[in-house]
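Each chain is listed here by its residues.
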Amino acid sequence: MVKTKFFVDNNGISTFVINRPEKRNAVDYEVMTSLEKAISEVKANPHIKALVITGAGSQAFCSGGDISAFHALETAAEAESMLKRMGRILYELLILPKPTVALLNGTAVGGGCEIAIACDFRISAAHSEFGFIQGDLGITTGWGGGTILFEKLRYSDAMEMLTSSQIYSVERAKQVGFLSYVTSYQELAMRCEEWLLPIITKPSAVLTAYKQMPIAKWSQVGLWERMEAEIDHCSLLWESEEHKQAVNNRLQKKA
Ligand SMILES: CC[C@H](C(=O)O)C(=O)SCCNC(=O)CCNC(=O)[C@H](O)C(C)(C)COP(=O)(O)OP(=O)(O)OC[C@H]1O[C@@H](n2cnc3c(N)ncnc32)[C@H](O)[C@@H]1OP(=O)(O)O
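So, how was this worked out
- Residues numbered from 1 in each chain as written.
- Predicted model: local features only at pLDDT ≥ 70, side-chain atom pairs only at ≥ 80, totals over all residues.
- Heavy atoms only, no water.
- Helix = DSSP H or I, 4+ residues; strand = E, 2+ residues; numbered from the N terminus.
- Buried < 20%, exposed > 50% of the residue type's maximum accessible area, 1.4 Å probe, protein only.
- Pairing = 2+ DSSP bridges.
- Axes fitted to C-alpha atoms, helices over the stretch in contact; angles between N-to-C directions.
- Core = buried A, V, L, I, M, F, W, Y, C linked by side-chain atoms within 4.5 Å.
- Parallel < 35°, antiparallel > 145°, perpendicular 65-115°, else oblique.
- Left-handed = near helix turned anticlockwise from the far one by under 90°.
- Contact = heavy atoms within 4.5 Å.
- Nonpolar A, V, L, I, M, F, W, Y, C, P; charged D, E, K, R; others polar.
- Right-handed = clockwise from strand over helix to strand, strands pointing away.

## A closer look at unusual backbone geometry
- Its identity is not glycine, yet R24 carries a phi of approximately 50 degrees, on the positive side.
- Positionally, R24 belongs in the loop between β2 (13-18) and α1 (29-44).
- Under the relative-accessibility criterion, R24 is labelled partly exposed at 35%.
- Positive phi outside glycine occurs at S165, with the angle close to 55 degrees.
- When you line up the elements, S165 lands in the loop between α6 (155-164) and α7 (170-175).
- Overall, the relative accessible area of 5% leaves S165 in the buried class.

## Description of the sheet that holds strand β5 (residues 100-104)
- As summarised here, the arrangement of the six strands in space is β1-β2-β3-β5-β7-β9, forming an open sheet in which the pairing is mixed. What marks the edges here is a single partner per strand, and that holds for β1 (4-8) and β9 (181-183). Across this sheet, the average inter-strand angle for adjacent strands is 20 degrees, counted without regard to direction.
- In terms of strand pairing, β2 meets strand β3 (residues 50-55) through six bridges, oriented parallel. Looking at the pairing, V17 lines up with T54 of β3.

## With respect to the sheet that holds strand β8 (residues 130-131)
- Strand order in the open sheet formed by three strands is β4-β6-β8, with parallel pairing between adjacent strands. What marks the edges here is a single partner per strand, and that holds for β4 (60-62) and β8.
- Here β4 pairs with strand β6 (residues 107-109) via two bridges, running parallel. In the sheet register, C62 faces β6, and the bridge partner there is A108.

## Quick word on the nonpolar core
- Within the largest apolar cluster, 60 residues are counted, with the highest numbers of intra-cluster contacts made by I115, W143 and F178.
- Among the elements that take part in this core, helix α3 (residues 76-94) stands out by supplying nine residues, more than any other.
- Grouped together as the second largest cluster of nonpolar side chains are 11 residues, A50, V52, V101 and C192 included.

## Quick look at the packing of α3 against helix α10 (residues 223-238)
- At a closest axis distance of 9 Å, the pairing of α3 and α10 adopts a crossing angle of 150 degrees. The pairing of α3 with α10 is recorded here as roughly antiparallel in orientation. Note on packing geometry: the crossing formed by α3 with α10 is right-handed. Of α10, the residues touching α3 (which contributes A76, A79, E80, M82, L83, K84, G87, R88, Y91 and L94) are L223, W224, M227, E228, I231, D232, C234, S235, L236 and W238.
- Looking at the contact of α3 with α10 residue by residue, the classes come out as 13 nonpolar, two polar and five charged.

## Some points on the pairing of β3
- With six of its six residues buried, β3 lies for the most part within the structure.
- Of the two faces of β3, the one holding A50, V52 and T54 and the one holding L51, I53 and G55 are both buried throughout.
- In this region the chain leaves β2, passes through α1 and returns to the parallel neighbour β3; the handedness of that crossover is right-handed.
- Direction of pairing for β3 relative to β5: parallel, over a ladder of four bridges. Paired with L51 across the two strands is T100, which belongs to β5.

Rendered as structure tokens:
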């Protein structure tokens, strides 16, 4: 089964699907490569007006990094190589000069929440749940998502989401500003198109000019450099006994 899908509809709305429902749409190196290519295509193709990222099935949007693929990374240097690769992909997603939507078809945890916060908008099915669970694994966010969250949510709400590692319902996630809109799973795709149509019918130059406003600010405040610092912190914690134990516990649960 192909791990990702990418297609463009007649309105110029492109959709990237993480197609690993059997692994709750976990991100491995192949998914990273496909997402990198999709973002480049959206950026370069003038006929593409927007990018929607979603997951296959109804159980998960994305469960973050693929534990089976990444648990072999032992040293800080090995971890940093993976984390920085995905961190750069999420930075390119963040600064993409076209509207981006995380279409939350189900649960998003760990790096799944980091992908979601890198998008302009988050539209969720009513049953989805969200959690920056990295803290429970003895690490921090490691794809730059914590740094981005502090840019998009109120300080105290971002700090609570990150440090508590709690699982948020759609109601609580909407209340803290993590979600843009909530609808039924059945109407998710239709509501997403309704959301985007009044935006993508504006001239591309208008949309690009608006996106350049936060991009300029992020450049001035060194957002990428701050994301790199987050990645460095996560890399160092990757070697901790707490992280190793948490991952082994998770893998043993599977066994
Ligand atoms: C900086 C990013 C950072 C990193 O890269 O380390 C992270 O993303 S850290 C966070 C890593 N992710 C997790 O720890 C999430 C682990 N998964 C879960 O908590 C649950 O699976 C959940 C809540 C996403 C869904 O729960 P549900 O009960 O619906 O499913 P199961 O737990 O029974 O899992 C079904 C099936 O999927 C496999 N699975 C789920 N998540 C992952 C994952 N992240 N990597 C690899 N595989 C995953 C799970 O092992 C089961 O497979 P099976 O072969 O059927 O046992």
